[in-house]
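Observations on the model geometry
Each chain is listed here by its residues.
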Amino acid sequence: MTASVSIEAVPPRATSGLRNDALAAVAIAALGAIGYFVYPDDLAFLIRVIGLAFLVISLDLVTGYCGVATLGHAALFGVAAYAAGNACLAGITDPILMILVGIVAGACTGLVSGLLVTRFRGLPQLVLSIAFGQLIAALANKLSSITGGSDGLAGISPTPIFGVFNFDMFGRNGYIFSVAVLLVTMVVLLRFARSPFALMCRAIKDDTLRARMIGVAVFPRLVVMYCIAGAVAGIGGALTAINTGVIGLDSVGFERSAEALIMLILGGAGKLWGALIGAILFELFAHYVSAASPFHWMIMVGVLLIVVVLFFPKGLVNEVGRRVGDLRRARAAK
Amino acid sequence: MTALLELQHLSKSFGGLRVTDDVSFTLSSGDRVALIGPNGAGKTTLVNQISGDLDPSEGRILLGGVDVTGASIAERVQGGLVRTFQVTRLFTGLTVAENVALAVMQRRGLTKRMFSSVINRADVREEWQSILGLLGIAQLAAMPVTKLAYGQQRLLDLAIGLAMKPRVLVLDEPAAGVPHDESPRILEAIGKMSPDIAILMIEHDMDLVFKFAKRVLVLASGALIFEGTPAEVKENAAVRTAYLGSYADARRAS
């Protein structure tokens with residue numbers, strides 16, 4: 001009988017359920033509400049954080065779940081932002097449609113990037129991802145007719161949300177819209193993260209050969225995951241285009257990719273919450289520290305990273321999760 | 001009766017070094033065969049060719065009468081050929097239950113599902129529970145793999161193999177690294193497996209080999225030098241030379 005009792009104790013992540021979805025929705029709505037009331041005059045900053053959070057969550061899907069090393073992930077975000085921006089300039093001005101354009105563009109870029117990058121592991125993979133990112137960045141600079149080059153793609157002016165809610169100058173509607181899109185995306189992705197597909201991706205990350213030995217076709221699966229990650233990054237890119245009205249070269253740059261990786265490490269790879277919390281914490285830290293010390297804030301960011309990696313190598317959310325798990329096990333043992 | 005696994009004149013060379021030399025044997029349903037040989041005899045290289053991790057230079061591999069020499073690992077697994085590893089390879093970021101359930105779900109074609117967790121679906125759950133129960137590690141289901149003792153990891157490795165419902169199971173030193181007094185547990189677990197499965201076990205532990213095998217293949221310098229019952233192997237001079245003398249002597253003696 002002991003055995004059956006223990007089997008019942010399979011961790012919650014292995015169970016699906018509306019309860020988890022509802023809890024996630026409430027948590028994100030609560031985070032959104034806190035942001036709205038704590039930073040009522042700085043919603044543009046929070047909108048930027050949400051856009052970046054999509055990029056970090058997307059990165060988590062390929063790096064945290066599949067173990068793919070990449071420093072070119074901003075390409076997926078940036079291409080989607082340019083696509084949504086150009087769609088708007090071409091007459092597709094509905095924000096929902098612009099997000100759909102971003103999703104398609106991100107997924108297509110993810111497909112191309114995934115086909116290239118996931119063939120390899122380790123350093124060749126990392127180098128290929130950087131090369132892909134730099135290629136996209138160079139193209140964005142050269143193809144100024146569709147990207148605006150170094151001046152950026154400007155004049156993006158989406159129509160009101162559902163034809164009713166204008167993107168006001170204070171960013172209130174834009175913020176609420178962004179939080180709503182984040183909420184829906186996170187609930188869908190958290191469900192996805194509990195799926196057999198995602199579980200298998202984590203298995204591939206742990207041991208590719210073992211996964212192949214139970215009959216998994218590893219390469220196609222990683223490419224599919226890259227497409228999904230591209231779609232998620234694409235939502236972030238489109239949201240950024242919608243809310244800021246302008247897209248600069250920085251959205252596809254190497255720095256954006258590196259920054260996203262730092263946020264992921266900070267929050268904890270392999271957990272979608274880790275990606276989200278990492279993006280929020282990093283941006284908040286940078287926000288305050290850069291205001292307090294405009295010339296030295298990067299030094300403090302470096303120190304923060306060293307501290308996190310030294311004391312919480314798996315990231316803050318994973319560390320909290322580990323300690324909670326240990327406590328539960330200790331309590332169960334008693 | 002068609003052999004489940006048949007190796008025909010299999011050879012493998014790395015440059016000028018011939019590590020598998022004209023190896024032929026068959027495995028039929030219910031066979032319990034041990035492959036033994038001294039270190040460097042080429043046992044793992046042979047297993048890697050059987051599983052598809054390595055392409056042979058010459059010869060053919062037939063699985064259920066079908067030529068799978070150029071087939072992918074996934075195709076061989078679908079054909080019922082499953083292997084375990086000399087050094088335990090598990091999905092270390094997952095729990096014990098998830099490790100076995102993944103193999104169950106993969107075999108059932110469920111791992112392409114993206115929006116529903118099926119690990120606790122009645123039929124899937126029943127299967128991974130029964131496999132863990134069979135190997136006596138059901139109480140560890142919720143345990144992260146990293147917290148398992150090595151002997152338990154070896155049992156989990158076997159459980160993953162069993163979850164694939166193999167027709168041919170290749171066990172690469174299943175008791176390697178396990179304390180000697182715990183190796184009977186491994187043997188007991190193997191003994192509980194379906195009698196229809198053809199099992200090829202590579203093993204150094206001779207006690208284990210003689211308790212497990214009905215037939216023993218002896219490999220030296222990449223070539224099969226002897227095939228017989230455990231009793232015949234014990235008496236054979238070539239085998240004794242292979243273990244105690246030089247490989248070249250062993251091949252001359254055979």
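Residues numbered from 1 in each chain as written. Chains lettered and ligands numbered in written order. Predicted model: local features only at pLDDT ≥ 70, side-chain atom pairs only at ≥ 80, totals over all residues. Heavy atoms only, no water.

Residues and elements named next belong to chain B. Spatially, 6 strands are ordered β6-β7-β8-β3-β9-β10 in an open sheet, and the strand pairing comes out mixed. If you trace the sheet from one side to the other, it starts and ends with β6 (81–83) and β10 (223–228), each paired once. Within this sheet the neighbouring strands show an average axis-to-axis angle of 20°, counted without direction. Relative to strand β8 (residues 198–202), strand β7 (residues 168–172) runs parallel, the two sharing 5 bridges. Bridging across to β8, L171 finds its partner in M201. (Pairing = 2+ DSSP bridges. Helix = DSSP H or I, 4+ residues; strand = E, 2+ residues; numbered from the N terminus. Axes fitted to C-alpha atoms, helices over the stretch in contact; angles between N-to-C directions.)

Now for helix α4 (residues 122–134) of chain B. Residues and elements named next belong to chain B. Given a rise of 1.5 Å per residue, 13 residues ought to cover 18 Å, and the 18 Å separating the end C-alpha atoms of α4 matches this to within 8%. When we look at burial in α4, the residues that qualify are V124, R125, E127, W128, I131 and L132. Buried positions in α4, seen along its axis, are confined to an arc of 165° and lie on one side of it. Seen from the buried face of α4, the exposed residues on the opposite side, beyond 90 degrees, are A122 and E126. After α4 finishes, the residue G136 shows a positive phi value of roughly 75°. (Expected span 1.5 Å × (residues − 1). Buried < 20%, exposed > 50% of the residue type's maximum accessible area, 1.4 Å probe, protein only. Arc of directions from axis to C-beta.)

Further remarks concern the interface of chain A and chain B. Each partner contributes to the interface: chain A provides 37 residues, whereas chain B provides 44 residues. For the pair chain A and chain B, the summed buried area comes to about 3,600 Å², and 63% of that belongs to carbon and sulfur atoms. For the pair chain A and chain B, the number of links is 2 salt bridges. We note a salt bridge from R210(A) to D157(B), for which the minimum N-O separation is 2.7 Å. In this structure, the connection of chain A to chain B is made through 10 residue pairs in polar contact (both at pLDDT 80 or more). Contributions of two or more residues to the side of chain A that touches chain B are made by α1 (2–8), α8 (172–193), α9 (196–206), α10 (208–213), α11 (218–244) and α15 (316–333) of chain A. For the side of chain A that touches chain B, the per-class residue count stands at 20 nonpolar, 5 polar and 12 charged. (Contact = heavy atoms within 4.5 Å. Buried area = accessible area lost by both parts, 1.4 Å probe. Salt bridge = Lys/Arg side-chain N within 4 Å of Asp/Glu carboxyl O. Polar contact = N/O pair within 3.5 Å; in protein donor to acceptor, adjacent residues only side chain to side chain. Nonpolar A, V, L, I, M, F, W, Y, C, P; charged D, E, K, R; others polar.)

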